[in-house]
Amino acid sequence: MSKLRVRFAPSPTGNVHIGNIRVAIFNWLFARNQNGEFLLRVEDTDRERSTESAVEALLDVMDWLGLDHDGEILYQSSRLDDHRAAAESLVNSGCAIRKHSKDSGGQPVIFLLPYECSKIPFVRTKGEAGLAAAPGKEISITRSGAKFSCIENGKEIEKSCSLAGLYRLRILGRDGETLFDLDKRIASMSPADEIKISGAQRIEYVSREVFYHDHVKGELAKPLDSMKDFVIVRSDGSPVFHLANVCDDIAQDINFIVRGDDHVENTFRHVFLFHALGHQPPRYAHLPMIVNQAGKPYSKRDGDAYVGDFRKKGFLPQALFNHLALLGWSPGDDREKMGRDEMAGAFSLERVKSSPGKFDIQKLISMNGLYIAEMPPDAFAKLAIEFTSEWPEGKPSPDEFAKIAALMQSRTKTLAQAAEWKYFFHAPHEINPKDLEKALSRPGSRDALLSFAGSLATLDVSDKAIIEAQIRASEGSSGLQKGGLNPALRLLLTGAKSGPPIEDIIHILGAEKSAERIKPRRPVAATKKNDHRAAEFLNKYS
RNA sequence: GUCCCCAUCGUCUAGAGGCCUAGGACACUAGGUUUUCAUCCUAGUAACCGGGGUUCGAAUCCCCGUGGGGACGCCA
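The residue numbers shown here count from 1 along each chain, following its written sequence. Each chain takes a letter, starting from A, and each ligand takes a number, starting from 1, following the order in which they are written. Only residues with pLDDT of 70 or above have their local features reported here, since the model is predicted, and side-chain atom pairs are shown and tallied only from 80 upward, although totals for entire chains, interfaces and linings are computed over all residues. Heavy atoms from the whole structure form the basis of all side-chain values; hydrogens and water molecules are not counted.

(A) Geometry of the protein's contact with RNA strand B. Residues are classed as near a molecule or strand on a simple rule: at least one heavy atom within 4 Å of it. Taken together, 52 residues sit near RNA strand B, with Arg234, Lys296, Gly328, Arg411 and Gly499 positioned nearest. At the protein interface, 68% of the atoms of RNA strand B within 4 Å belong to sugar or phosphate. Contact distances for RNA strand B include 2.3 Å between a phosphate oxygen and a backbone N or O atom of Gly328. The term polar contact refers here to a pair of N or O atoms within 3.5 Å; inside protein, the definition further demands a hydrogen-donor-capable atom paired with an acceptor-capable atom, and it admits residues adjacent in sequence only when both atoms are side-chain atoms. Contacts to RNA strand B include Lys358, whose backbone N or O atom sits 2.9 Å from a phosphate oxygen.

Written out as C-alpha cells, the structure is:
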C-alpha cells in the first residue's frame, strides 16, 4: 500500500468549532499512527463568507492544539483554473452537460451520473423494478433527469431522479404497449430536449445502487433512483464544492478521506466524479457528529463551541485534544488521560464509534484539572497569570503571583480561575454580612479575632507553623474551639468561604496587610432590608 | 415526504454469542485524610430503547416498531 495521505479541508467561514477540529484531530491521529501525511487544504472558494481572519484563527487554533500538517497549505481558490479544466474535460467526454438555460445568464455544468455502469466497480444491479404510474400525470424526461408520479402504498408520490437511476427504463401504456424506451433514446438526447409522456400506466426499469465500504460505518449503499444529477459549475462559472473538493483530493493525492458524517451522502456522488475524472476513489471513513448538551448538533452558530473560546475559558490544549479524541474513539482499555503521541500510537479507525457523541463539559473540566495538576508549577504560573489581565489594577508581579499559583494549583480546574485570586493582592470588595455574622456568632469569636489581630504586629509570619499556633492560642484564650476562628478569619481576609489554609494566606499576605483586613473597620452597607441587622452587627463588631 | 445512518448508567465509553452478578471514567451521594476548600483514599446510586425471532445460550446476530441524527442547494 502506498503511503497514507489524509487531509483536513475546512472552509474558513467563521471560527472553527469543536466538531470541526475534532475531524482534524482524528485525521492527525490516523496519519501519525500510520506514518502517513496529514495535509491541510483551505476551501476558501466561498468568497462571500470566507475571511482572512478566519484562516488566521484556524491556523492559530491548529498550532495551539499541536496539529502540525505536512507540506504546504493548499488554498482552494488558487486552483480555479484546474477546476474549470476538469469541468471542461467532463463535458467533452460526455460525463457532464451544459444545461440549456432560457435565462440570459451563463450555463451551469451538470454532472450526469453514468448511464452505463457495467464497468464501474462500485455500482451493482439489484433487480427489476416496476412502479404504477399515477393516472393522469405527465412524465417529463430530460437528459439531466426524469420527473414522474407513481403510486406507492396507495399514496401518490412525486419522484425525480437521474436517468442513471432508471436503467433500461420502459414506460408502458394502458394496454401494455411501450410508450417510451430509454435505451433507444438516450444516445440521441441533447441537453435541451424534453420528452413528455402522458397516459402512462406502468414504469419499469433495472434498479441499481452505488456502494462503498466505509471504514467506520461498514458498507454503505444508495439506490441510484434516489439520486439526481448535480451541478458542478454554476452559471456564473464558479465550480461547486463537489467538483473542487474531488479535484483537489486528486491534486493532493489523497488516498484516504476521513471527514464528518454529514458527507456520507456526498460520497455517493463523489465516487462517480473520481471515476469520471479517471481516478480510483480514495478510501473513506465518516466520523459521527458530536452534539451539544441539548443533543443537537453543533453548528457555527453555537456561540460557545468555538475552539478559541475554550482557550479563553482556560482549557489546556492537551486536555481539549484528549477529550475530543475520546469522543467517538477509545483505545479499548481503560486508559483515558493520554498524551498526543500515546493516542497516535493506539489509534485505529476500527475503534471509532459510529454513533454520535455528546460533548460533556464536566468531563473536560475534570480532565483539564488532571493536566493542570501535573504541570510544573512555574509553567502553570506563567499560563495562569495571563488570566489576570482583566483586573482593573493590572496584572500582578510574576514573582508574587508564582507563590499564589503554587498554592492554588491543586485547587484549579481551569486557568481562568486565576482571575478569582484577586484577594491575595487587593482586599475583598465586599463581604457578605450574613456570612460574617454567622462566622462571628460563636461566643468568644470577637475576642479571639481581636486577640489575633493584636498579635500580628509581632508575629513571625514567615513561619506558617507559628501563624497557626497563634490562631490556636487566640482561640484557646477566648474559649473558642480549635478551628472556630477560621471561618471569620477567612471571610475577613479573602471574602470567600473556602480556600487554601489560613496560615498560607497570612504567610503570603504578610502581617501588615492581614492586620489591616482583620481590624474592625469597614462599614458594610446593607444592600437589602433584611441585611440591615447583619450590617449593624458588623459595623460595631469592635 | 424520500433516502441513509445510529441506539449500553445522566454523560463519555468497555463489550467481536457463554469470560456479564454488564467493567472503567466524569458527575452525584456517603465515609476517611486535610481543623475549611481542593487533592488523595474507600464505598454507594445508576444502563443493555420496546417487541418478535435465530440459538442449548443474545448487550452482542436477524426482522419489525420507537426514538434520535444526517442528506435531499447554482452552501461547504
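(B) Quick look at the packing of helix α15 (residues 464–477) against helix α17 (residues 502–509). Every axis corresponds to a line fitted to the C-alpha atoms, with the helix fit spanning only the stretch in contact, and the corresponding angles, defined between N-to-C directions, vary from 0 to 180 degrees. Secondary structure elements are taken from DSSP: a helix is a run of H or I of four residues or more, a strand is a run of E of two residues or more, and numbering for both begins at the N terminus. The N-to-C vectors of α15 and α17 enclose an angle of 120°; their axes lie 9 Å apart at closest approach. As summarised for this structure, α15 and α17 are arranged oblique, according to the angle between their axes. Considering only the axes of α15 and α17, their crossing is right-handed. Contacts between α15 and α17 involve Lys464, Ile467, Glu468 and Ile471 on the former and, on the latter, Ile502, Glu503, Asp504, Ile506 and His507. Each residue receives one of three labels: charged for Asp, Glu, Lys and Arg, nonpolar for Ala, Val, Leu, Ile, Met, Phe, Trp, Tyr, Cys and Pro, and polar for the others, Gly being one of them. Residue composition of the contact of α15 with α17, grouped by class: 4 nonpolar, 1 polar and 4 charged. In this scheme, roughly parallel covers angles under 35 degrees and roughly antiparallel covers those over 145, while 65 to 115 is roughly perpendicular and the rest are oblique. Each crossing gets its handedness from the near helix: less than a right angle anticlockwise from the far helix is left-handed, clockwise is right-handed. Whether two residues touch is decided by their heavy atoms; if any such pair falls within 4.5 Å, the residues are in contact.

(C) Spatial organisation of the environment of Ala402. For Ala402, the location among the structural elements is in helix α12 (residues 398–408). In this structure the C-alpha to C-alpha distance between Ala402 and Ala384, which are 18 residues apart in sequence, comes to 9.2 Å.

(D) Looking closely at the pairing of strand β7 (residues 139–142). Along β7, one buried face is formed by Ile139 and Ile141 and the opposite face, lined by Ser140 and Thr142, is buried too. Here 4 bridges tie β7 to strand β12 (residues 194–197), and the two strands are oriented antiparallel to one another. Looking across to β12, one finds that Thr142 is bridged to Glu194. When DSSP locates at least two bridges between a pair of strands, those strands are taken to pair. Where β7 lies against strand β8 (residues 145–152), 3 bridges are found, and the strand directions are antiparallel. Within β8, the residue paired with Ile141 across the bridge is Ala146. The antiparallel pairing of β7 with β8 creates a hairpin that spans 2 residues between the two strands. The classification of residues rests on relative accessible area computed with a 1.4 Å probe and restricted to protein chains. Under 20% of the type maximum is buried, over 50% is exposed, and intermediate values are partly exposed.

(E) How the structure looks around the sheet that holds strand β4 (residues 96–98). The antiparallel open sheet is built from 3 strands, whose spatial order is β4-β5-β15. Each end of this open sheet is capped by a strand with a single partner; those strands are β4 and β15 (230–233). With strand direction ignored, the average angle separating the axes of adjacent strands in the sheet is 35°. In this sheet, β15 lies alongside strand β5 (residues 109–111) in antiparallel orientation, the contact comprising 3 bridges.

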